[in-house]
Amino acid sequence: MLKDLGTPARGLVRSAALPREIRRRRTVLVLVILASFTLIVLDARRSAGSPVEPLRHAAAAVFGPLESGATSARQPVDNLRDRFAEVDRLKAENEKLKADNEKLTSDLRTTDYARNRAAELDRLLKVAPAYTVTPARVIGIGSAQSFNHTVTIDAGTADGVRPDMTVLNGDGLVGRVVRTTEGTATVLLIGDRNSTVGGRLSSTMALGFVSGRGEVAGTLDYKLVDLRARPKVGDRIVTWGSKGNAPYVPGVPIGTVTSVTPNQGTLGSTATVKSFVDPSRIDLVGVVTGPPARPPRSTVSPEKGR
Amino acid sequence: MPALRIGLAALFLMIAVVVQTSVLPNIAVAGVTCDLVMIVVVALALSRGPEWGAIAGFAGGLMLDVVPPADHTAGRWALALALSGYVAGLVRRDRSAGPVGPLGVALTVVLSAALSLLVYSATGSLLHDPAVDWGEFGVRLGIAAGYDVVGAIVVIPLVMWVMSRVVPARERQRVLP
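Chain B carries the name Rod shape-determining protein MreD in an unreviewed UniProt entry, which gives Kribbella caucasensis as its organism. Under the UniProt heading Subcellular location (unreviewed entry), the note attached to chain B is "Cell membrane". The record in UniProt for chain B states the following under Sequence similarities (unreviewed entry): "Belongs to the MreD family."

The name an unreviewed UniProt entry gives chain A is Cell shape-determining protein MreC, with Kribbella caucasensis as the organism. In its Function (unreviewed entry) section, UniProt records this for chain A: "Involved in formation and maintenance of cell shape." Quoted straight from UniProt, the Sequence similarities (unreviewed entry) entry for chain A says "Belongs to the MreC family."

Right, dumping it as structure tokens:
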């Protein structure tokens, strides 16, 4: 019985795979591949203004509100994840609180020293904390298998957000705006391999560059300009600001040094930096849109402040 | 009928793009999310054949390329998913005397995940995108393929069932289980 049903179907398949149909589907394949290559070639030369840009704007206009709406459906998902992570989180929190307690106890003993040093650092950095920050919510996140460390936020040109603006949150530096539309903006995270930030060791004021490693945990590499300067484990790194405050404003905390390895074959050393911001948990961020601060003007001197 | 079919396919792809960019990253495993768009493309290819797979893959990939937060050269996902869709469609053509079994579907999803990620990363390397990290490629592909099979268990039967509702009667016996 089954065999009887099977036979005509097999016949149909045979007839479906006539040379004409095969030719047609190969034509479709070739056309689609050619279209993809055309797109890649058109979009690859970005300096000349890509013709794909209007398409991106249209897509952002359509999908921005949809992503924004879908993000509201996140609460149950978050709850589910948190329930699984609850025990681990409590354990980690307990350890962290113990460590914090010890640290606070020791801080209490050295508070005057720390306050003086903080005042000195403030003076040296000449940080003007008078940034106007536009708050925004993360509504889309790039996935690791596409090697993109980018997020979409729900603020755009309508809110005064422009490309090359600094994005930060309560913990520290998040990244910079690379592309904007009316209602959304794309942010390149500091953990992306395309990202390089000028970073300053807050203990010695030495200048260097923080570049992303493309890792999910947001680990960063730190290379000093001054080859003799040695970063120490536990040193904190802040931005030293770019010319005209774009793309980075000065004085935003980036992360702490977790290990230092001497460079193979050359002078200097590379430090591994753990960013203050956990890239997998960013939700509310701020875009610095406000009055520019003066960039710091202190000179590089590794001995100062030790 | 064809218009309805195309509209449904477009709707599936759009929903997949939105969910993949906004909701799924919150339940990512080690940062890797489920390639929902790829799964929908495979489902469409399995129910309609290679032409549909290639065109649906191109459309879905193009959306992934231009919808924020994408920041890579447009056309890379389009090419990768078009090729995966075409290959997935061939799987169904070769075995369409009977329906593709669950194991066949799972293998097709894994194959498509591997092919699409490989093409996507290779085009990135050709364009000198510093973000592509071949050292991490194997691990991320492994996690992605596993995750995709889990997602496919839910999505593929749903999409194939809906698509089978709108096929003409003369085709039904060929496509339906």
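Trainee: Would you mind showing me how to read the overall build of chain A here?
Mentor: Per the secondary structure count, chain A includes 5 helices and 12 strands. Each of the 306 residues in chain A was classed as buried or not, and the buried ones make up 35%. Long-range pairs, those at least 24 residues apart, make up 60% of the contacts in chain A with a sequence separation of at least 6.

Trainee: I keep staring at the overall build of chain B and nothing clicks. Help me out?
Mentor: On a plain count of helices and strands, chain B comes out with 7 helices and 0 strands. Along chain B, helices and strands appear, N-terminal first, in the series α-α-α-α-α-α-α. Out of the 177 residues in chain B, the part that is buried amounts to 57%. The contacts of chain B with a sequence gap of at least 6 include a subset with a gap of at least 24, amounting to 72%.

About the cut-offs
- The residue numbers shown here count from 1 along each chain, following its written sequence.
- Here the convention is simple: chains get letters from A, ligands get numbers from 1, in the order in which they are written.
- Residue-level local features of this predicted model are given only where pLDDT is at least 70; pairs of side-chain atoms are given and counted only at 80 or more, and the full residue set underlies all totals for whole chains, interfaces and linings.
- UniProt positions are given in the numbering used here, feature names are shortened, and annotations may be inferred rather than shown by experiment.
- Each helix corresponds to a stretch of at least 4 residues labelled H or I by DSSP, and each strand to a stretch of at least 2 residues labelled E; elements are numbered beginning at the N terminus.
- Put plainly, a residue is buried at 20 or more neighbouring C-beta atoms within 10 Å of its own, exposed at 12 or fewer, and partly exposed in between, counting only other residues' C-beta atoms, which are placed from the backbone.
- What counts as a contact here is a pair of residues whose C-beta atoms, placed from the backbone, lie within 7 Å.

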